[in-house]
Amino acid sequence: MASIILESIFLKRSQQKKKTSPLNFKKRLFLLTESKLSYYEYDFERGRRGSKKGSVDIEKITCVETVVPENNPPPERQVPKKGEDYNMEQISIIERFPYPFQVVYDEGPLYVFSPTEELRKRWIHQLKSVIRYNSDLVQKYHPCFWIDGQYLCCSQTAKNAMGCKILESRNGSLKAGRSHRKTKKPLPPTPEEDTMVMKPLPPEPAPSAAGEMKKVVALYNYVPMNVQDLQLQKGEEYLILEESHLPWWKARDKNGREGYIPSNYVTATSNSLEIYEWYSKNITRSQAEQLLKQEEGGFIVRDSTSKTGKYTVSVYAKSAVDPQGMIRHYVVCCTPQNQYYLAEKHLFNTIPELITYHQHNSAGLISRLKYPVSRHQKSAPSTAGLGYGSWEIDPKDLTFLKELGTGQFGVVKYGKWRGQYNVAIKMIREGSMSEDEFIDEAKVMMNLSHEKLVQLYGVCTKQRPIFIITEYMANGCLLNFLRETQRRFQPAELLEMCKDVCEAMEYLESKQFLHRDLAARNCLVNDQGIVKVSDFGLSRYVLDDEYTSSMGSKFPVRWSPPEVLLYSKFSSKSDVWSFGVLMWEVYSLGKMPYERFNNSETTEHVIQGLRLYRPQQASERVYAIMYSCWHEKAEERPTFSALLGSIVDITDEEP
Ligand code: ADP
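In the annotation of an unreviewed UniProt entry, the protein is listed under the name Tyrosine-protein kinase and assigned to Gallus gallus. The protein has a UniProt comment under Cofactor (unreviewed entry) that states "Zn(2+)". Looking at the protein in UniProt, the text filed under Sequence similarities (unreviewed entry) is "Belongs to the protein kinase superfamily. Tyr protein kinase family."

What follows is the structure, given as structure tokens:
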């Protein structure tokens, strides 16, 4: 598929192709590629593209311009008055699309309404860029709408009537475009390119220094979100100029351009297997088998579970004699001369070369390697903030689309940042949070970045209420996800959920950051079913005695170890206790822990040394893991790192 240049939700006016067809306005997802402008239905529930409703060929477009706004538009297309746009009580006000533009092509004008002026500008700029070599660009246009059978600007009644106003083509780019028509269109600039300062080519780093400088390969494309960022092109190499523990590194591309990149979008060239579709890091043997069973001829290359530093190729094949099919695992062997081979001694210098060979020749394997199977759709991960150093987010870049729920701090909404990126927006009810302290800490929390943590993207602090912007998780909170009775979870899926949480917690433990309120209600599930930990550390800023005092009705008593209940002593080991309770919630599909007791009975019960029972779905080994989290003495409880080891052992061994 052609690569997407822009993607936004806009309001689209019906085109009234027949005189009698009604005038209506619908929210549509617009996608711009080099060859088409298409629009789709949008599933707001799931944050996904729905069916295609129409498209315009780029080469047929003759003009892209703003439109003079309507007189007295209804509220949804009205520019909000100052201070009105982020009034949380009036949700309808922020679902506005007040900035119209027109895309004129052979069937007449298509009117599109943008939620923000900035987004309209960006789209017009990009559209003008992709049409700049079109042969039928016009010099005149209609500045006002065509409505009720005529143009409001000139009263002409034909939709295709020639424009009445001369285009101000500043810098004369349209004319120049026509006279310099080329057969191949150059790629359009990225949105920020025109504001980016191109530096002259720097001298090559000195050979000795070059030896020490780290080279990386991009695993994903990255479009700069602000001027300090550097664009990444999947598969390209970059030189790292400044590496740190932080999630953004300074890098240089092969053209000498420098800027910041999200460090989780690249991998060291030395372990660049990650760029291949067939390679799945951190996948167990049983997970590989599960995935492979979906497709005959499928194969996966993964890290060997039994031999560290080695790789295994897993293949699934059926045959006339074995219609059920079988899965075989082959360890990639290495000769003393560092050459690789699989079943027979066909030697290769690199693993990719070996795979390419076996994609065409079975040469001793049960089948040739037909289709690469990957664990998850390899979509780009979240970045730690929306661009390097951007922690204060401009609320004008946000569009609010749907209410997701209400929590301790108030309403949470789903929306888009710059019309394109999914985000969740927590609107902090005034008086519910010690805001100044939180804002001070937010910069630190933004640097916590892990694939199993719900990423904090930034904050809007210049208005009240303040907003906290985070990664959007389409399947909502884990507790509800578990309680949905329609779903039957396999034991392996339940263990996978615990593993996801444990990975996030191992990371927080390594950063010596305490969660303080780990529970299924504070984990979220994304569209791929991956569980991530949310609201880490937030409990410190809650202003509500019922929540903060261990005697309060909202205190997470059922997730707390004795030392917290008795002396408010929090530590990584109190998080470990909560993790055990979370595992129990997962395996009992969202039951309330100690459901027959009230809070003070629970406290008494726990202090006396009684513990939660084994949920039916949990095996003895799984129960042993959760039970180990409830050791009375904090120091006797395992670390998250040890817990993760135990969980992985089970994933490898239990079917
Ligand atoms: P608070 O931190 O104010 O207590 P919560 O995080 O509990 O709020 O959010 C309330 C509800 O909003 C959750 O139960 C969940 O359904 C929804 N929600 C919160 N954050 C997200 C998110 N990032 N993505 C999707 N849904 C979310």
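Details of the pattern of salt bridges
Enumeration over the complete set of coordinates arrives at 27 salt bridges. For Glu65, the salt bridge goes to Lys128, with nearest N and O atoms at 2.8 Å. Within this pair, whereas Glu65 is found in strand 5 (residues 63-66), its partner Lys128 is found in helix 2 (residues 117-130), the two being separated by 63 residues in sequence. Note on Lys128: relative accessible area 28%, which makes it partly exposed. Across the pair Arg614 and Glu620 runs a salt bridge, and its minimum N-O distance is 3.5 Å.

A short note on the environment of Gln126
When you line up the elements, Gln126 lands in helix 2. The spatial distance from the C-alpha of Gln126 to the C-alpha of Leu6 is 8.2 Å, given a sequence separation of 120 residues.

With respect to the sheet that holds strand 26 (residues 421-427)
As summarised here, the arrangement of the five strands in space is 24-25-26-28-27, forming an open sheet in which the pairing is antiparallel. Single-partner strands in this sheet number two, and they are strand 24 (398-407) and strand 27 (456-460). The sheet shows a mean angle of 25 degrees between the axes of neighbouring strands, taken without regard to direction. Bridge count between strand 26 and strand 28 (residues 467-471): five bridges; the pairing is antiparallel. Bridge pairing in strand 28 links Ile425 to Ile469. Packed on one face of the sheet, helix 7 (residues 435-446) meets strand 27 and strand 28 and runs near 155 degrees to strand 27.

A word on the sheet that holds strand 2 (residues 25-32)
The strand order across the open sheet formed by seven strands is 4-3-2-1-7-6-5, and the pairing between neighbours is antiparallel. Bordering the open sheet on either side are strand 4 (48-57) and strand 5, each of which pairs with just one other strand. Looking at each pair of strands side by side, their axes are set apart by 35 degrees on average, direction ignored. In the sheet, strand 3 (residues 36-43) pairs with strand 4 via seven bridges, with the strands oriented antiparallel. What sits directly across from Leu37, in strand 4, is Val56.

A few points about the packing of helix 12 (residues 572-587) against helix 14 (residues 620-628)
The geometry of helix 12 relative to helix 14 is characterised by a closest axis approach of 7 Å and an angle of 145 degrees between their N-to-C directions. In this structure, helix 12 crosses over helix 14, and the sense of that crossing is left-handed. Mapping the contact onto sequence places Gly580, Met583, Trp584 and Tyr587 in helix 12 and Val622, Ile625 and Met626 in helix 14. When its residues are assigned to classes, the contact of helix 12 with helix 14 shows six nonpolar, one polar and no charged.

Some details on the nonpolar core
Grouped together as the largest cluster of nonpolar side chains are 68 residues, with contacts concentrated most on Phe438, Leu478 and Phe579. Contact partners of Phe579, with chain neighbours within four places excluded, come to Cys498, Val501, Cys502, Leu518, Cys629, Phe640, Leu643 and Ile647. Of all hydrophobic cores here, the second largest spans 30 residues; its members include Ala218, Tyr222, Trp249 and Phe400.

Brief notes about the pairing of strand 19 (residues 311-317)
In terms of burial, strand 19 is largely enclosed, as six of its seven residues are buried. Bridge count for strand 18 (residues 298-303) against strand 19 is five bridges, and the pairing is antiparallel. Each bridged residue has a counterpart across the sheet, and for Ile300 the counterpart in strand 19 is Ser314.

Reading guide: rules and limits
Residues numbered from 1 in each chain as written. Predicted model: local features only at pLDDT ≥ 70, side-chain atom pairs only at ≥ 80, totals over all residues. Heavy atoms only, no water. UniProt positions renumbered as here; feature names shortened; annotations may be inferred. Salt bridge = Lys/Arg side-chain N within 4 Å of Asp/Glu carboxyl O. Helix = DSSP H or I, 4+ residues; strand = E, 2+ residues; numbered from the N terminus. Buried < 20%, exposed > 50% of the residue type's maximum accessible area, 1.4 Å probe, protein only. Pairing = 2+ DSSP bridges. Axes fitted to C-alpha atoms, helices over the stretch in contact; angles between N-to-C directions. Contact = heavy atoms within 4.5 Å. Left-handed = near helix turned anticlockwise from the far one by under 90°. Nonpolar A, V, L, I, M, F, W, Y, C, P; charged D, E, K, R; others polar. Core = buried A, V, L, I, M, F, W, Y, C linked by side-chain atoms within 4.5 Å.

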